[in-house]
Amino acid sequence: MATKSARISDLARAKPLPAGFIEDKRSVYAESKIVKSNPNASTKFLLTDRQGQLCDPKPYHNNFAQDRPSPIWAVSAGAKSASASAGVLNLSKPKNLHPDWTARGPVQSVVTSGALKAVATERLSQLAVPKKCASLPVKEGTGWDYSEWSSEISPAALKGVASSRVESLAEAKNTHAAYLPPCPVQSVVHPKTMSAKASSHICQLARPKDRKELEENPNVWKVSSGAKAAQASQRVCDLSQPIPRKVRMKKVVNAAA
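Structural notes, computed from the coordinates. Per chain, the residues get numbers from 1 upward, laid out in the order the sequence is written. For a predicted model such as this one, the threshold for reporting local features is a pLDDT of at least 70, and the threshold for listing and counting side-chain atom pairs is 80 or more; totals across whole chains, interfaces and linings nevertheless cover every residue. Side-chain calculation: all heavy atoms of the structure are included, whereas hydrogens and water are not.

1. Details of the overall build of the protein
Thought 1: Starting at the N terminus, helices and strands are each numbered in turn, a helix being any DSSP run of H or I of at least four residues and a strand any DSSP run of E of at least two. Within the protein, the secondary structure is distributed over 13 helices and 2 strands.
Thought 2: In this scheme, a residue with accessible area under 20% of its type's maximum is buried, one over 50% is exposed, and one in between is partly exposed, where area comes from a 1.4 Å probe on protein chains only. A buried classification covers 2% of the 257 residues belonging to the protein.
Thought 3: Contacts spanning at least 24 positions in sequence make up 0% of the contacts within the protein whose residues lie at least 6 apart.
Thought 4: A total of about 27600 Å² of accessible surface is found on the protein, and carbon and sulfur atoms cover 58% of it. Every residue pair with non-hydrogen atoms within 4.5 Å of one another is taken to be in contact. Note on areas: these come from Shrake-Rupley sampling with a 1.4 Å probe, and a residue is covered only by the protein chains present in the view.

2. Quick word on the packing of aromatic side chains
Thought 1: Note on aromatic contacts: the rings of Phe and Tyr and the six-membered ring of Trp form a pair at centre separations within 6.5 Å, being stacked when their planes are under 30 degrees apart, edge-to-face when over 60 apart, and tilted otherwise. The tally for this structure, following the rule as stated, stands at 1 aromatic pair.
Thought 2: With 4.7 Å between their ring centres and 10° between their planes, Y60 and F64 make a pair best called stacked.

3. Regarding the pattern of salt bridges
Thought 1: We count a salt bridge whenever a side-chain nitrogen from Lys or Arg sits within 4 Å of a carboxyl oxygen from Asp or Glu. Overall, the coordinates contain 1 salt bridge when judged by the stated rule.
Thought 2: Note that D10 and R13 form a salt bridge whose closest N and O atoms lie 3.3 Å from each other.
Thought 3: By relative accessible area, which is 61% here, R13 ends up exposed.

4. Some points on the environment of H61
Thought 1: Examined against the element boundaries, H61 turns out to sit in the loop between α2 (49-55) and α3 (77-80).
Thought 2: For H61, a relative accessible area of 58% translates into the label exposed.
Thought 3: Here a polar contact means two N or O atoms within 3.5 Å. Within protein one must be a hydrogen donor candidate and the other an acceptor candidate, and residues neighboring in sequence count only if both atoms are side-chain atoms. A polar atom in the side chain of H61 sits 3.0 Å from the backbone nitrogen of N63.

Limitation: the analysis is restricted to geometry and does not speak to function.
Here you go:
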């Protein structure tokens, strides 16, 4: 019992700190790149000359001109009294419209007095008359149901009697002798099937495959000496050769050159 208590005391003891351990490091960077004037102060970094050069802003272009402080700027007296040349006056003219261009018409059309006094011809009046549709026949006793048509079958056809040939053709076709109806969704298991017992052969086939080879010989990938000394037949060598049309000749470089 005393041995177990001593073992528990050893396991409960805290892990000793490694040699050179510094408590509460303020940075995870390398010590050579940090200047610590005060341990409690913030970390100070040193930049190389190249880093300082990269931190400088990009210089402006030689032809760079600063934006005007205001959209209103002073115009010189010479610019105010200048006169445009003939070329400037020619370019300042608006572009001519297309010869076939027409102005957009007003929203409210203006009808001319001639159109107001015009008289339609006899042909136009004839075309303006709406088309006359024949009234739909209504079945007697249907009342408001005007969409039903009266029967157009003759009384002789209604009293007709089918022949023996028509009656034989109207009979439904018999199903095949080996036809079976579709099985129900819920299969019905026969009581004998539920009480059946599997034979010894079925139990043997249902058993998973035994891995005796792995248990007896764990190195199943070992190649036998006979397989190592085996030689391929001439037919196998012929089949292993690459296709001639896919063989590309290697370039031979002359060593002397």
